[in-house]
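Results of the structural survey
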Amino acid sequence: MSDRNKKTLNINIRFAEINVSKYSQYDLENEFEKDRFPLVDFKSNFQFRVINDEEKLGCLITVKIVINETNEEFAELKVESIFEIKPFDNIKKSKSGEGYEIPDVLMFNIASLSVSTVRGILFEKLKGTIVQNEIYPLADLSTLFLNKKNLHEST
């Protein structure tokens with residue numbers, strides 16, 4: 001693609017809200033090998049939504065923390081990061097049927113910011129627990145955009 005065919009997208013993006021909708025931590029009765037690495041597995045789910053009337057995009061991340069040794073769930077966290085986008089009409093295009101087409105570079109940035117937010121929240125929530133030294137891992141976010149069918153408009 002030549003430089004003339006590249007489209008420049010100038011937008012302003014900022015956090016509008018960070019909502020922790022769920023945090024659960026379970027009591028475990030087993031003793032665990034504390035030297036075992038990694039002690040836990042982080043199972044993550046990502047959902048995106050367009051909040052059309054407010055000119056915002058949301059990224060909801062659900063993380064379940066499972067003890068590898070016993071396959072028991074230790075904790076669950078749900079965090080939605082909502083971003084205000086200006087000018088909003090420049091970035092969203094309605095698709096035929098349901099959903100919107102949002103530029104991948106914007107979705108990647110929103111997902112990256114959301115993951116970093118979840119990492120910080122988990123770090124604080126897990127202090128003083130058996131998994132306090134486990135850090136929410138870096139993720140290959142490019143796989144999120146292979147299937148965009150989970151993008152929908154909020155009512």
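Structure first, text after, so check above.
Residues numbered from 1 in each chain as written. Predicted model: local features only at pLDDT ≥ 70, side-chain atom pairs only at ≥ 80, totals over all residues. Heavy atoms only, no water.

A count of helices and strands for the protein gives 1 helix and 7 strands. In sequence order, the protein lays out its α and β elements as β-β-β-β-β-β-α-β. In the protein, which comprises 155 residues, the proportion classed as buried is 36%. A sequence separation of at least 24 residues applies to 72% of the contacts in the protein between residues at least 6 apart. Counting only carbon and sulfur atoms, one obtains 45% of the accessible surface of the protein, whose full area is about 9800 Å². (Helix = DSSP H or I, 4+ residues; strand = E, 2+ residues; numbered from the N terminus. Buried < 20%, exposed > 50% of the residue type's maximum accessible area, 1.4 Å probe, protein only. Contact = heavy atoms within 4.5 Å. Areas by Shrake-Rupley, 256 points an atom, 1.4 Å probe, with all protein chains shown as cover.)

A word on the environment of F46. With respect to the element layout, F46 can be found in strand β2 (residues 40-51). Classification of F46 by relative accessible area gives buried; the value is 13%. For F46 and L60, which are 14 residues apart along the polypeptide, the C-alpha to C-alpha distance reads 5.8 Å.

For the rest of this paragraph, the subject is the packing of aromatic side chains. Aromatic rings in a pair are described by how distant their centres are and how their planes are angled relative to each other. On inspection of all chains with the given rule, the structure shows 2 aromatic pairs. Measuring from centroid to centroid gives 5.5 Å for F42 and Y136, while their planes differ by 80 degrees, and the two rings are edge-to-face. Residue F42 is found in strand β2, and its partner Y136 is found in the loop between α1 (104-125) and β7 (151-153); the two are separated by 94 residues along the sequence. (Phe/Tyr/Trp six-rings, centres within 6.5 Å; stacked < 30°, edge-to-face > 60°.)

This part covers the nonpolar core. Of all hydrophobic cores here, the largest spans 34 residues; its most connected members are L57, I65, L122 and Y136. Those elements giving two or more residues to this core turn out to be β2, β3 (56-67), β4 (73-86) and α1. With sequence-adjacent residues up to four places away left out, I65 is seen in contact with V40, D41, F42, E72, E73, F74, A75, L122 and L126. (Core = buried A, V, L, I, M, F, W, Y, C linked by side-chain atoms within 4.5 Å.)

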